[in-house]
Amino acid sequence: MEYPILLVVHLSCAILFIGVVAFEVLFLEPIRRHLPDNMMELVEAGIHTRARRFMPFVVVLLFASGVGLLWRVYLEGWYPPFSSTFSTLLTIKVLLAVSVLVHFVTAIRASLCNCMTSRRFKLTHYSVFTHMVLIVILAKIMFYV
């Protein structure tokens, strides 16, 4: 019974996280060129404030459920890493997820100390978006291996 719960929590959090990042990359970034810099900074500040309130909980649940799935369901197929096609795909997926976590923690820290520049905001979101697209592709490929 724990597999369906872990899976639903993991997928729900992934959808929310990817959706927020996709919105910022696909909608917010193109708007940048149509708004004055000071207005865009206000928009980004509002996003940072909102994101600091609920995204940490989403990320914690996303990673906790991911670790739970890895530990309870996929450990036998994963260990040792790179020992099979499935294991290789899962290892790459885990490494990308850890990179996303590092990006997220770094961005939150930069936001809290007011070091988050508009350029850094943009680069972080493009990088995380690319990571997330690759993770989704790997997850789909793993389903067929």
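Structure shown above.
To keep things clear, this report deals only with the structure shown in the data block. Predicted model, so just to flag it, every value in this text is computed and none were measured. (Residues numbered from 1 in each chain as written. Predicted model: local features only at pLDDT ≥ 70, side-chain atom pairs only at ≥ 80, totals over all residues. Heavy atoms only, no water.)

1. Quick look at the pattern of salt bridges
Now for step 1: In the structure shown here, the tally under the stated rule is two salt bridges.
Now for step 2: Residue R72 pairs with E2 through a salt bridge whose shortest N-O separation is 3.0 Å. Linking R72 in helix α2 (residues 37–78) with E2 in helix α1 (residues 2–32), this pair joins segments that are 70 residues apart in sequence.
Now for step 3: With a relative accessible area of 57%, R72 lands in the exposed category.
Now for step 4: Judged by its relative accessible area of 39%, E2 falls in the partly exposed class.
Now for step 5: For the salt bridge of E29 with R32, the shortest nitrogen-to-oxygen distance reads 2.8 Å. A residue pair is termed a helical-turn pair when its members lie 3 or 4 positions apart in one helix, as E29 and R32 do in helix α1 at three residues. No difference in accessibility class separates E29 from R32, as the two residues are buried. (Salt bridge = Lys/Arg side-chain N within 4 Å of Asp/Glu carboxyl O. Helix = DSSP H or I, 4+ residues; strand = E, 2+ residues; numbered from the N terminus. Buried < 20%, exposed > 50% of the residue type's maximum accessible area, 1.4 Å probe, protein only.)

2. Here's the deal with a nonpolar patch on the surface
Now for step 1: Together, V133, L134, I137, I141 and V145 give the surface a local cluster of nonpolar side chains, amounting to about 390 Å² of exposed area.
Now for step 2: Note on placement: L134 falls in helix α4 (residues 118–144). (Patch = residues over 30% accessible without salt bridge, like charges linked within 9 Å, V, L, I, M, F, W, Y side chains within 5 Å. Areas by Shrake-Rupley, 256 points an atom, 1.4 Å probe, with all protein chains shown as cover.)

3. Some thoughts on the nonpolar core
Now for step 1: Core analysis: the biggest nonpolar cluster contains 23 residues, and F17, L90, V100, F104, V128 and M132 have the highest contact counts within it.
Now for step 2: Sequence-distant contacts of V100, defined by excluding residues within four places in its chain, comprise F17, V128, H131, M132 and I135.
Now for step 3: One finds L28, M40, I47 and F121 within the second-largest nonpolar core, a separate group that totals seven residues. (Core = buried A, V, L, I, M, F, W, Y, C linked by side-chain atoms within 4.5 Å. Contact = heavy atoms within 4.5 Å.)

4. What about α4?
Now for step 1: For α4, spanning 27 residues, the distance from its first C-alpha to its last is 40 Å, which sits close to the expected 39 Å at 1.5 Å a residue.
Now for step 2: For α4, the complete set of buried residues consists of F121, T124, H125, V128, H131, M132, I135, L138 and M142.
Now for step 3: Looking at the buried residues of α4, the elements they touch are α1, α2 and α3 (85–112). (Expected span 1.5 Å × (residues − 1).)

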